Amino acid sequence: MQSLSFSTISRYFSSSSLTPKLLKLKTLYKIPAKDRPKAFQQAQKVLTDYLHDTKNLPFTFADHISKNSLLSLSEIISKVDYSSKDFKGSLRRFLRYHPIDEFLFFYESIGVRYDNIIGFLPVGKMFLSEDYRVFDVACGLWGFGFPWDKLGVLCKEGVFENDLCELNERIVGFKEYGFSNVMVIGICLAFPCLLSGKCEDIDGLFDDLKRVFVDYHLVSCVEENVDCWFEVCRKIQIFYDLGCVKGEMGEMMGRCKNIFVEYSEECLVQKAEFFKKLDVCKKEVGYLLLYKPEILRCDLETPSISVSGVLRYFGLEESKLRFVMENYPYVFGRNRLSNLPHVMRSLDLNKWFFYKIQDGDHNLLGRYVVGSPDEDLDQHYVDNFLSIQGSRYHVHTLGKLEFLHSLGFGENKWTIKILNQIRGPSSDLQERVDCLLQCGVEFPKLCKMIHCSPKILNQQKESIEQKIKYLCEDIGHSLEDLDVFPAYLCYNLEKRIKPRYSFHMWLTKHGLCTEEYAIPSIIATSEKNFVLRIYRMHRAAPKIWLECYSNKEPRKSLGEGLIKLEP
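Nothing here was measured: the structure is a model prediction, and the numbers come from that model.

### A few points about the nonpolar core
Here is step 1 of the chain: Among the nonpolar cores identified, the biggest contains 168 residues, and Phe 106, Phe 146, Phe 160, Phe 213 and Phe 275 are the most heavily contacted of them.
Here is step 2 of the chain: The residues touching Phe 160, leaving out its near neighbours within four places in the chain, are Phe 106, Ile 110, Arg 133, Val 134, Val 137, Ala 138, Leu 141, Leu 151, Leu 154 and Cys 155.

What follows is the structure in structure tokens.
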């Protein structure tokens, strides 16, 4: 049996998404740390013997299951009293009287995430002998060459619901395109829809793959093993996820085939995410990376930038630069290059910037450097930043500051002012920003709203949704009103917005209010001035207002007060 070191076990746990129960099991506090690797090796041996000798599973598959189900195995280990002298014997006795859920071990062993296994377990069944169908499919695919611990990728896509003979026919058919056995396995793991029968354009996909792998000789650049081909195909999948059309990408991918060998999947995803933040068509991002593969060499994360310096560097006219500096001062200053897409969106220059990159200025990204140490340096920001670093809650505050920079706010005094007014962790703030964007607020307008009224980010998501719904559906106004009056979102809906507006409309309906008042005038006016205004409309109006809305709860209907408002 393969040796299993404790460091391997630790890495396995740390890379898994664990439930609170498993986090407790992970410590295995009953077993001394120095004995845990040995305990796991013994437990694997016992489980293999149990599945092979007692449950009659072929030894190879029993061994696969025991080697690749560490989380399920740790739960069994935690229930057995540890003894360095006879731990194996204790485990054997435990399994004799406590049958395990074999499906749980099986699904974990083929690579299904432990916290997702519950969705695959058959109802009322514990033993593989009760339903060999799924196990037989796994064995058949393994026999074709699929790695046992990666079969979960196929399982999640419904491949195991197909008949094994049908799957074999499909796999053999794929080889007719000129692919080797190893290539077919890598392709199927990256595109499981091919085996599940749910692929929308099989011919287009295979035309692309054949063009890249065979016609452009990518096969000569990749090691002949499943992991390598799986990795290459996952990288190709990134471009289809960006909206590139199957059947039209073969030649383009073939011409820049080296990107599928030289760059990691993480690098491709990172660069794609960078340009997707510019809010352009995802397909255009895919084409950009294929047409300008030199971009993949650029460090788009760590460099510091001067916002005005970048705009000048990319050729923005001085008159336009002065205009945006006057209208969006909160964006300027220093920032990180990774935040540049949202900087451009905050300035409403994202399309301009993307098309500059697309038209050949992509090399500027890699060559840009800050002109001088003092370029765009805001001393007020620097002083406050140093103060934050020395504060008691610096981690929390710096997290919020980084959040603001990620939205496009620069290192300047306005960002510090906003920082001092917003409350909550950065995750909550991001949720509220996402909520406003989903409600239809445009990104540059949202940043300006935050600049004018930072406390809108202190409102809960549900409250934001309700207030916008009331503004657009009940009052009949548009989101453009938020551009001039973002503080609307800061007022209480039930205790301020609805009562004020309802009373105002009631007065208008009955001819007592002859002037047209804007939303800010109705909502933001102080209580004293509001009462004074309605008094000028009718002397009895304040009394009705106070009777209906004192203590923030209506005690009479407005209709009952109508008789008191007779001339």
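### Some details on the packing of helix α14 (residues 226–241) against helix α17 (residues 265–276)
Here is step 1 of the chain: Contact geometry for α14 and α17: axes closest at 9 Å, N-to-C directions at 15 degrees. Comparing their axes, α17 and α14 come out roughly parallel. Our pair here, α14 against α17, has a crossing hand that is right-handed. Facing α14, whose interface residues are Arg 234, Lys 235, Ile 238 and Phe 239, α17 presents Glu 265, Leu 268 and Val 269.
Here is step 2 of the chain: Residue composition of the contact of α14 with α17, grouped by class: four nonpolar, no polar and three charged.

### Quick word on the packing of aromatic side chains
Here is step 1 of the chain: The tally for this structure, following the rule as stated, stands at 34 aromatic pairs.
Here is step 2 of the chain: Ring plane angle 75 degrees and centroid distance 6.0 Å describe the contact between Phe 106 and Trp 148, whose orientation is recorded as edge-to-face. Residue Phe 106 is located in helix α7 (residues 102–109), and its partner Trp 148 is located in the loop between α8 (133–144) and α9 (151–156); the two are separated by 42 residues in the primary sequence. Here Phe 106 and Trp 148 have matching classes, each one buried.

### Examining the state of the cysteines
Here is step 1 of the chain: Applying the stated criterion to the full structure yields zero disulfides.
Here is step 2 of the chain: In this model Cys 256 remains outside any disulfide bridge; the closest cysteine sulfur is found in Cys 244, 10 Å from its own.
Here is step 3 of the chain: With a relative accessible area of 8%, Cys 256 lands in the buried category.
Here is step 4 of the chain: Between Cys 452, a cysteine without a disulfide, and Cys 447, which holds the nearest cysteine sulfur, the sulfur-to-sulfur distance is 11 Å.
Here is step 5 of the chain: Owing to a relative accessible area of 51%, Cys 452 belongs among the exposed residues under this scheme.

### As for α17
Residue pairs spaced three or four apart in an α-helix point in one direction, given the helix's 3.6 residues per turn.
Here is step 1 of the chain: Helix length check: α17, at 12 residues, gives a terminal C-alpha distance of 16 Å against a target of 16 Å (1.5 Å per residue), a fit within 8%.
Here is step 2 of the chain: For α17, the complete set of buried residues consists of Cys 267, Leu 268, Lys 271, Ala 272, Phe 274 and Phe 275. Within α17, the buried residues cover an arc of 155 degrees as seen down the axis, which keeps them to one side.

### Quick notes on a negative patch on the surface
Here is step 1 of the chain: Together, Glu 431, Asp 434, Glu 462 and Glu 465 give the surface a local cluster of negative charge.
Here is step 2 of the chain: Contributing elements (two or more residues each) for the negative patch: α27 (426–438) and α29 (461–474).
Here is step 3 of the chain: Structurally, the position occupied by Glu 431 is in helix α27.

### A closer look at unusual backbone geometry
Here is step 1 of the chain: Its identity is not glycine, yet His 217 carries a phi of approximately 60 degrees, on the positive side.
Here is step 2 of the chain: Within the element layout of this structure, His 217 appears in the loop between α13 (202–215) and α14.
Here is step 3 of the chain: Given the relative accessible area of 48%, His 217 is considered partly exposed.
Here is step 4 of the chain: Backbone geometry places Asp 348, a non-glycine residue, at a positive phi of 60 degrees.
Here is step 5 of the chain: Locating Asp 348 in the fold gives a position in the loop between α21 (340–346) and α22 (350–361).
Here is step 6 of the chain: Given a relative accessible area of 52%, Asp 348 falls into the exposed group.

Cut-offs used in this document
Residues numbered from 1 in each chain as written. Predicted model: local features only at pLDDT ≥ 70, side-chain atom pairs only at ≥ 80, totals over all residues. Heavy atoms only, no water. Core = buried A, V, L, I, M, F, W, Y, C linked by side-chain atoms within 4.5 Å. Buried < 20%, exposed > 50% of the residue type's maximum accessible area, 1.4 Å probe, protein only. Contact = heavy atoms within 4.5 Å. Axes fitted to C-alpha atoms, helices over the stretch in contact; angles between N-to-C directions. Helix = DSSP H or I, 4+ residues; strand = E, 2+ residues; numbered from the N terminus. Parallel < 35°, antiparallel > 145°, perpendicular 65-115°, else oblique. Left-handed = near helix turned anticlockwise from the far one by under 90°. Nonpolar A, V, L, I, M, F, W, Y, C, P; charged D, E, K, R; others polar. Phe/Tyr/Trp six-rings, centres within 6.5 Å; stacked < 30°, edge-to-face > 60°. Disulfide = S-S within 2.5 Å. Expected span 1.5 Å × (residues − 1). Arc of directions from axis to C-beta. Patch = residues over 30% accessible without salt bridge, like charges linked within 9 Å, V, L, I, M, F, W, Y side chains within 5 Å. Areas by Shrake-Rupley, 256 points an atom, 1.4 Å probe, with all protein chains shown as cover. Salt bridge = Lys/Arg side-chain N within 4 Å of Asp/Glu carboxyl O. Lys, Arg positive; Asp, Glu negative; His and termini not counted. Charge placed at Lys NZ, Arg CZ, Asp CG, Glu CD.

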